[in-house]
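# Coordinate analysis (summary)
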Amino acid sequence: MAVKHLFDTFVPENYKVFLDIDRKTKTIKGKTAVTGEAKELNISFHAKDLHFSKVRVFSVNTNFIENPDNEEIIVNVGQKGQVTISFEYETKLTDNMMGIYPSYYEVDGVKKQLIGTQFESHFARQAFPCIDEPEAKATFDLSVKFDEEPGDIIIANMPELMEIEGIHVFQRTVRMSSYLLAFVFGDMQAKYGKTKTGVTVGTFSTKAHKPEALDFPLEIAIASIDFYEDYYKTPYPLPHSWHVALPDFSAGAMENWGCITYREVCMLVDPDNATEASKQYVATVIAHELAHQWFGDLVTMKWWDDLWLNESFANNMEYVAIDAIHPEWNIWESFSTQEAAMALERDATDGVQSVHVEVTHPDEINSLFDPAIVYAKGSRLMVMLRKWLGDKDFSAGLHLYFETNKYGNTTGDDLWASLSEVSGKDVAAFMHSWVNQPGYPVVDAELKDGKLILKQHQFFIGEGEDKERLWQIPLDANYAELPDVFGEAEVEVPNFKLKDGKPLLLNADNAAHYIINYHGELLDSILANLDKLSNLEKFQILQDQKFLAKGGVIDFAALIKLLPRFAGEDSYIVNGALSDILKQISIFIDADTVAEKAFNKLTEKVFAKQYKRLGWEKKEGESSSDEALRSIVLSNMINAKSADAVAEARKYFAVQAEDIPNIPANIRPIVLRNEIAASNSPELVQKYMNLYVKTSIQELKGELNSAASYIKDQAAVDELLGDMMNADIIKPQDVAFSWRYLMQHDFSQDAAWKWMRDNWGWLEEKLSGDMSFDRFIVDSGKIFKTAEKLAEFKAFFEPMMDNAGISRAIGLSIKQIEARAALVDSQKAAVEAAVTATEQSF
C-alpha cells in the first residue's frame, strides 16, 4: 500500500508561523499562513493535536474538516493555483520530547525549563499545519512570543530580525523541509567564534554547566565547518551555526539547519572530567550533524525510503572530518570496532531491512532509524565506495551533487549519477546490490588443485533463507592476480600460489561490508605470519572468525583456541576484538561454576601483559590509543575478578569515596562498578543515585547509573526500577539505558523484564513517539539466550505485530533470540571444555 503524499495536491512556497507560548500553562496559541500552489479544490495539511478556531483563504473564512485519525485538516480553497491559507489554533506543549516541548533542569535548587523543538521525522505537524513531508520544501518566516523572564534568550535557524512588543521575529529561512525548522528559548549561556569564511558559530547550554564545557564543542564545530567547506567545495549556506545542548532530548542530536540540538552528553565536555574517549564521541557527533547541513539539509531525500542518503553519508563523513582534524586519534579504528561490528551483527539476521527500504505507513518512519543499518551499515558502504572511487573523485562528485541539487530533493540514483560523471565508473551498478538488498556475503577462499577458488553467498546468524543474492564485492586483495570486483557466485584464479611469508588477504582496510572464510592452507598461512600483519589486519581475522563462529560456520571451540596467539598485543583495536570475543564466549558460561573460574583465568591471561604494562595511572605523553586500551584491559580484569585488579580498584574508591567526581575520569566507571560488585551495598547504590540526581556532569551520570546496576540486593534492584518512573530521578530520555543496565545482569534480568511488561502502557505514553522507542524490544533481542525467555518474549510482543512502528523490531528480535538459544544449546559443553583446555595450556 502506497503512502498518501499531501505534496501531490499542494506545493507550499512560504509559511508565516507565529507562536505564543506559555511555559507555566503549557499552552501554545498559533497563527500560520501558508502560500503555495493548490492542485485540487480540497487540499489537506498535516496537523496533530491542533485545535482550530478559524481557517481562511485569502482572508475569507472557509470550511474545513479535521481528520485526527490521519493527522490532517482538509480545507476547501475554492480554486486551483496560487493561494494563501491562514489558520488560527491552539495546542499544548508536549511532554514526550517531540514537537515543541519543555526540558527540565535545576540550577542551585531552582527548577527551570528550556523550550525546544524536535520535528524530525514528522512532528512539525504538532506545532503548525503544514505539508510535513521532506519533498515539500518552502521558506519559513518564524515569530515567537513567550513568557519571557530576565536572562532568557531565544535562538532559531536564522538570526533575529527584530523584537516588537515581546515578539521575536526571525529572518526568512532558505528553502528547506518542515522537519528542519527549530528554535530554543530559556535562560542559556553561550560561547561564540567564527569560521575562516566568517560564519558565526555558537555553543549554548543551561547555566547548570560550567561555561568551559562549551569550549571544546565550539572548537570542533568551527574546525568541522572549515573542513567541509574545503572538502565539498561548497560554502556553508547560512549566516550562523548554533549548537544547543538540551537537558531532555530523545536521540543523540538533530541537524536542524543552523540550529542543531543535542543531548547534553553528546555535546558538552567538562574539561576536568573528560576522557579522550568522551571527547572523541562528542567530536564525531558534532561532525555528523554538521555533515548534514549539506547532506540532508541543503540537499534532502525525496521521501523517507531514502533516509540512508542523510544518515549513512553523515555517519561516514563524521569520521572523515575528525580524522582530518585530529589524526592522532586514529578514529578509523573506532569505526571498525564499533560501526562495522554493529552492522555485521544486525545485518546477518534474516529479515533485516535493506539500507534503502520502502515505507508504506507513516508509523514505519521512526523504525527506519536503525543505528546498525541506516547509520552503521550505510556508512560502511560509503567508506567502501570512497575507497573504490578514490578520495579525489569522491570529493569532486559530492561537489557536483551539491551544485546540481542544492535546495532540492534527490534519490540515491542522483548521488550515483554525480559520482559516476566525475569518476567515469558505473557507481549505480556497483552500489545497487549493497543498498537495495538486505544482508551481506561471506567470501569463501580456498586453494584447490593449484587454483584459488572464491565463492560468495549470504551470511546468516541463525536460520536464513538463501535467495541466491549476489553482491559486487571489491576484493581489495594483496595479490594482483585477483579481480578488482567479484560479482559472480564463484570465480577461479588459475595457477595461484602463495609466496613465502605473504598470506592472501582480502578487504584491505576493512573497508567493505563482507567477511572472509579462509580455508585450510590460507588460514594457516595467515596465522603463521601474524607478526607481519598490521593491527587492523589482525583485527579483521579475529572479527571474521568471531562472526563465522556466531553463524555456526566454525565451532566456538576453534575460535577460543585462537586467543593465546593474539594475547599480549599492545594494540587498542586488537584487544578490542579479543574483548568482544570473550564477551561472546561469556553467554555460554554460567555463574558460580567451574567453567566460570576457568573462563576468568583465561580472561586474566589474555590481558595480563597489557595490565602490567599500562597499570592504572595515565602516563605523561601517553597516546590516546593506550588510554582507550587501559579501559578495555582494566574492565576485563575486573570482569575476571582478578584479585589484584579488584584490590586496586577498591583502593582508588577508598581514597575518593567522599569525592567521587574526582576519581580519575579514565578509570572512574571501572572503580564505581567494582565497588558495588564487591560490597553489594544498597546504601552505596543510594549514594550513587543521590549524586546522579545532583551532578551536572553527564559522563558521571551514565557511570553512576551503570555502576548501580551491579547490585544483587533485590530490594535495591526494585528501587532502581521504581526510580525509572520518577522523572526527578531518571529522565524519560534515559529510561531505556537504565533499564538495559539491569537487563544485562542475570541477577536482575527477571525483575527488569517483569517491570517492562508491567509498565508497557506507561512506556508507550511517555516514549512511543520516540524514534528509539523500539530499544526495549531490540535490547531484549540482544540479551535473551534461553528457550524460556524466547517463549516469554513471543507471548508478550507477538500480539503487537500489527503495530507498524515496532513490528520489524519484534520479528528480528525473535530470530536473534532463537539463534542465540540454539547456539548455546548446541555448543555449551564444547565451549566449556575448550575454555578449560585453552586456559590450562596458555
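Structure: above.
Here is a short report on the structure shown in this document. (Residues numbered from 1 in each chain as written. Predicted model: local features only at pLDDT ≥ 70, side-chain atom pairs only at ≥ 80, totals over all residues. Heavy atoms only, no water.)

## Re helix α8 (residues 412-423)
With twelve residues, α8 extends 17 Å from end C-alpha to end C-alpha; this agrees with the ideal 16 Å at 1.5 Å per step. Residues of α8 that are buried: Gly412, Leu415, Trp416, Ser418, Leu419, Ser420 and Ser423. Of the surrounding secondary structure, the elements contacted by the buried residues of α8 are α3 (307-325), α6 (371-389), α7 (391-405) and α9 (427-435). In the segment just after α8, Gly424 is the residue with positive phi, at about 80°. (Helix = DSSP H or I, 4+ residues; strand = E, 2+ residues; numbered from the N terminus. Expected span 1.5 Å × (residues − 1). Buried < 20%, exposed > 50% of the residue type's maximum accessible area, 1.4 Å probe, protein only. Contact = heavy atoms within 4.5 Å.)

## Observations regarding the pairing of strand β27 (residues 515-518)
Alternating positions in β27 separate into two faces, Ile515 and Asn517 on one and Ile516 and Tyr518 on the other, with burial throughout. Of the strand pairs in this sheet, strand β22 (residues 441-448) and β27 are connected by four bridges, and their pairing is parallel. Bridging across to β27, Val443 finds its partner in Ile516. (Pairing = 2+ DSSP bridges.)

## With respect to the packing of α3 against helix α4 (residues 331-346)
Where α3 meets α4, the axes come as close as 9 Å, and the angle between the chain directions of the two elements is 155°. On the basis of their axis angle, the class for α3 and α4 is roughly antiparallel. Contact residues: α3 offers Asn315, Asn316, Tyr319, Val320, Ile322 and Asp323, while α4 offers Ile331, Trp332, Phe335 and Glu339. Taken together, the residues of the contact of α3 with α4 sort by class into six nonpolar, two polar and two charged. (Axes fitted to C-alpha atoms, helices over the stretch in contact; angles between N-to-C directions. Parallel < 35°, antiparallel > 145°, perpendicular 65-115°, else oblique. Nonpolar A, V, L, I, M, F, W, Y, C, P; charged D, E, K, R; others polar.)

## Structural notes on the side chain of Arg673
Checked against the element boundaries, Arg673 lands in helix α18 (residues 668-679). A polar atom in the side chain of Arg673 sits 3.1 Å from the side chain of Asn639. (Polar contact = N/O pair within 3.5 Å; in protein donor to acceptor, adjacent residues only side chain to side chain.)

## A closer look at the environment of Gly193
Note that Gly193 resides in strand β15 (residues 183-194). For Gly193, a relative accessible area of 17% translates into the label buried. If near-sequence neighbours (up to four positions away) are discounted, Gly193 is found in contact with Val199, Thr200, Val201, Leu218 and Ile222.

## Some words on empty space enclosed by the protein
All chains considered together, the criterion is met by four cavities of 30 Å³ or more. Forming the boundary of the largest cavity are Glu345, Thr349, Ile461, Lys550, Phe556, Gln584, Ile587, Phe588, Gln816, Ala819, Arg820 and Leu823. Per-class residue counts for the lining of the largest cavity are six nonpolar, three polar and three charged. (1 Å grid on protein atoms, 1.4 Å probe; cavity = no way out; pocket = protein on both sides within 12 Å on 5 of 7 lines; lining within 4 Å. Points joined across faces, edges and corners; volume = space filled by probe spheres on them.)

## Regarding the packing of helix α15 (residues 594-614) against helix α27 (residues 807-841)
It is at 9 Å that the axes of α15 and α27 come closest, and there the two elements cross at 45°. Here α27 runs oblique to α15, going by the angle between their axes. Relative to α27, α15 is oriented so that their crossing is left-handed. Contact with α15, carried on its side by Ala595, Ala598, Phe599, Lys601, Leu602 and Lys605, involves Glu832, Val835, Thr836, Thr838 and Glu839 of α27 and no other residues of that element. Residues of the contact of α15 with α27, tallied by class, amount to five nonpolar, two polar and four charged. (Left-handed = near helix turned anticlockwise from the far one by under 90°.)

## A few points about the pattern of salt bridges
Inspection of every chain in the model, using the stated rule, returns 46 salt bridges. With its nearest N and O atoms 3.8 Å apart, the salt bridge here joins Lys48 to Glu71. Here Glu71 lies in the loop between β6 (64-67) and β7 (72-76) and Lys48 lies in the loop between β3 (42-46) and β4 (51-57), a separation of 23 residues in the sequence. The class for Lys48 is partly exposed, based on a relative accessible area of 28%. Here Lys618 and Glu627 are joined by a salt bridge, their closest N and O atoms 3.1 Å apart. Taking the relative accessible area as the measure of exposure, Glu627 reaches 6% and is therefore buried. Among the charged side chains, a network of salt bridges with common partners joins Arg23, Lys24, Asp147, Glu149 and Asp152. (Salt bridge = Lys/Arg side-chain N within 4 Å of Asp/Glu carboxyl O.)

## A closer look at the nonpolar core
Grouped together as the largest cluster of nonpolar side chains are 293 residues, with contacts concentrated most on Ile85, Phe128, Trp416, Trp616 and Trp760. It is α27 that contributes the most residues to this core, eleven residues altogether. (Core = buried A, V, L, I, M, F, W, Y, C linked by side-chain atoms within 4.5 Å.)

## Notes on the pairing of β15
Strand direction decides the pairing type here: strand β12 (residues 152-156) and β15, joined by five bridges, are antiparallel. Across the sheet, the residue bridging to Ala156 is Phe183, located in β15. In terms of strand pairing, β15 meets strand β16 (residues 200-206) through seven bridges, oriented antiparallel. From the neighbouring strand, Lys194 faces β16, where its bridge partner is Thr200.

## Examining the packing of aromatic side chains
One pass over the structure, following the stated rule, counts 52 aromatic pairs. When the centroid spacing of 5.3 Å and the interplanar angle of 5° are considered together, the rings of Tyr228 and Tyr232 count as stacked. Of this pair, Tyr228 and Tyr232 both sit in helix α1 (residues 215-232), four residues apart, which is roughly one turn of the helix. A relative accessible area of 0% places Tyr228 in the buried class. Take Tyr232: its relative accessible area is 0%, and that puts it in the buried class. Considering the side-chain rings of Trp332 and Phe335, the 5.3 Å spacing of their centres and the 70° angle between planes classify their relative orientation as edge-to-face. A residue pair is termed a helical-turn pair when its members lie 3 or 4 positions apart in one helix, as Trp332 and Phe335 do in helix α4 at three residues. On the basis of relative accessibility, which here comes to 23%, the residue Trp332 falls in the partly exposed class. One aromatic cluster is present, formed by Phe227, Tyr228, Tyr231, Tyr232, Tyr236, Trp294, Phe295, Phe313, Phe394, Tyr401 and Phe402 through successive ring pairs. (Phe/Tyr/Trp six-rings, centres within 6.5 Å; stacked < 30°, edge-to-face > 60°.)

## Side note on unusual backbone geometry
Cis geometry marks the peptide bond from Glu120 to Ser121; its omega dihedral reads 10°. Among the structural elements, Ser121 can be located in the loop between β10 (110-118) and β11 (139-146). Within the chain, Phe58 stands out as a residue other than glycine whose phi angle is a positive 50°. Positionally, Phe58 belongs in the loop between β4 and β5 (60-61). Despite not being glycine, Glu165 shows a phi value in the positive range, around 50°. One can find Glu165 in the loop between β13 (160-164) and β14 (167-170).

Any functional reading would require information that these geometric values do not contain.
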